[in-house]
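# Observations on the three-dimensional arrangement
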Amino acid sequence: MAITEMQYEKKSLYLPMKARIKKAVQMTELEKFFEIELEDREQFNYDPGQFVMVSVFGYGEAPISISSNPTKKDGFELCVRKVGKVTEALHRLKEGDPVGIRGPYGKGFNVKELRGKDLLFIGGGIGLVPLRSLIKYSIENKKDFGRIIILYGAKSPKELLFTDELKEWEAESGVDLKVTVDRGDESWKGNVGVITTLIPPLDLDIENTMALIVGPPVMYKFVLLSLFAKKFPEENIILSLERKMKCGVGKCGHCQMNHIYVCQDGPVFYYKDIKDLPESLH
Amino acid sequence: MGETKQKVIKEAILPKKLLPELFEKLLPDYDIYGPVQKAKNDAYDIAPSVDKKAMDVRKKLRGNEFEKVETADILNLEYTSTVTPIKKFFIPPKEDIVKFELENLKLKSLEDLQPDVKPFILFGVHACDMQGLLRLDYSFIKGNPESNYLSRREKSIIVGINCIPDEYCFCEAVGAQIYDEGFDVFLTNIGQSFHVTVYTEKGLEIISKVELYDVDDTSIKEKEKALERSRSLEGSEKFKPDYHNMPLLSKSGDDLPFWDRIGERCFSCGTCNLVCPTCYCFDVNDVMNINIKDGTRRRFWDSCQLESFAVVAGGENFRASRTNRNKHRFYRKFRYLMEEYGKPFCVGCGRCGRQCVADINMIETSNLLYENVEKI
């Protein structure tokens, strides 16, 4: 087709929607929780595992995973680590302050394919944030899933996120929760050690369990080795990957992992689909 | 994609002396851009090279550049290549995409800065650059059609012209020396006149502003001879692999040590990306005005060869080595996008090779890949 006959929307792919911070709570020294509400749109539909591009005007835009249950329709939640220019600016914002939102973008967790399965969540550090969306969804729809097991590791007790919710999930929702920290402190009475120490003792129905892994790049390799040591089938492993992103719509090129644009085909992937890509995990 | 031959609407002869009249008649309705020889000094010949021969090539080229022209007289239609490709008319090096206004540092208003351009003519585009533009069309339409690109592209009229290849040109070797795809009009230089092939109604409208003459057997023969002289044989014959095999070759040769030898030579300057007609990756930053009240979200051409290209805020670099960044660019041209599009995203224009301060070029890299895979 000639380019002159193209039908396309004469509106920028890069124009954010106006939104407002409904709630902002400092969670740890580096992480802040935000509830966001869009100004002109009542409903915001998304899948667990998808992300949005968040704008703080004058500073820029950054890709942030959505952390809330997708059944929450009046807004959505983010938990943001202060780590760059945009996230530092975002941390300075308060309830009522405006932000820009584009999205939701990418492919999240495919909930339909997870139905009937046991779910093994493995979150390292801020990796719990995107997993929380699916954790909350699966707890709310518990009859659709088998066992729910959550392994969560942080560097220290002070860096643990959503601690009240963790207790609630364990106490009221029948979730099998195991938390560990790399280094304890005087008040810490739980597990000490890296997250992979939680894997060997697990009693899993491996054929019927889906592992959902999100963490820092270095974590994947060791978690995968621990799972494979238990003969965990690789086709049952799903993970979400972090990459630099400047557009979210498959153009700017920053998120490429070999031929794949993570913002389009990911950030959530089946391990089997990316394991042979040299640029996927290292 | 890529194989469609366009139907010829009309063939005619345009005497060169009518070009000024043609431009006069077109200028009220169109912006016209064409190749202009820019440089009268060596500074424009870009960075110095370690290789004397490459320096000489650049001096000879003397910085032709597509520029807005008000008269046909300043055009240099007998040119080898321009320093930057025509992508700049569709994705400008810097483009304000969103305007925002703040009050007490908080957002007050937001405006979509959709480009609103006058219809424009690119006059004197070579086959390689036309093929490059068709590849950009693919990338900017695919998935999420980008209005910023398309609203400029739909206003464009492309007048092609046959070229004067040098030893860096290898369009024929990558299947990009195509005269009947994408152009609205194609001109072939036959001495005192141009042989004109019209492919679109838009093309017919602009070229018919002056009196055209009928073609005859002599002019058709002249045209064929001229196109034969324009074949990029010198560079194309140096290019050893069959381009169809490039995706396969790059898979087989992914781990070969020659990639490190190329990586060691690369300075990660990003020039190859800037001058490439099919490199379109970009960065986006907010730029505040000095009043601290308003600013724009601006996109810039970016380069996958720069060390920071794939670094996330936490510091992890997903393409830390120069070898891997070099490979990435090469694979974008001859594997990843090629497997989707069916033809290489390298169109053989030779710009990256001409401008590279380390004299890394696509012909040499392709040959090294080919020869080293053969040895396996």
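The structure presented is a predicted model; accordingly, all values stated were derived computationally and were not measured.

### As for the overall build of chain A
Counting its regular elements, chain A contains seven helices and 15 strands. Over its C-alpha atoms chain A spans a radius of gyration of 19 Å, differing by no more than 12% from the 19 Å that the globule rule assigns to 282 residues. Reported as C-alpha extents along the three principal axes, the dimensions of chain A are approximately 60 × 45 × 35 Å. In chain A, which comprises 282 residues, the share counted as buried stands at 49%. A sequence separation of at least 24 residues applies to 71% of the contacts in chain A between residues at least 6 apart.

### Brief notes about the domain arrangement of chain A
A common way to state how big an interface is: give the accessible area lost once the parts meet. Residue and element names in this part refer to chain A. One can read the domain layout of chain A as domain 1 (17–105) and domain 2 (111–240). Each of domain 1 and domain 2 was reduced to a C-alpha centroid, and the two centroids are 24 Å apart. Every contact between the two is made by 14 residues of domain 1 and, on the other side, 14 residues of domain 2. Grouping the amino acids of the side of domain 1 that touches domain 2 by side-chain chemistry returns five nonpolar, seven polar and two charged.

### Describing the sheet that holds strand S9 (residues 176–181) of chain A
All names here are of chain A. Spatially, the seven strands line up as an open sheet ordered S10-S9-S8-S7-S11-S12-S15, and their pairing is mixed. Two strands bound the open sheet, and with one partner strand each, they are strand S10 (191–192) and strand S15 (268–270). The pairing of S9 with S10 spans two bridges and is classified as parallel. Counterpart to Val181 in the pairing with S10 is Val192.

Reading the values: rules and limits
- Residues numbered from 1 in each chain as written.
- Chains lettered and ligands numbered in written order.
- Predicted model: local features only at pLDDT ≥ 70, side-chain atom pairs only at ≥ 80, totals over all residues.
- Helix = DSSP H or I, 4+ residues; strand = E, 2+ residues; numbered from the N terminus.
- Rg over C-alpha atoms; globule rule 2.2 N^0.38 Å.
- Buried ≥ 20, exposed ≤ 12 C-beta atoms within 10 Å, placed from the backbone.
- Contact = placed C-beta atoms within 7 Å.
- Domains from an automatic or database assignment.
- Nonpolar A, V, L, I, M, F, W, Y, C, P; charged D, E, K, R; others polar.
- Pairing = 2+ DSSP bridges.

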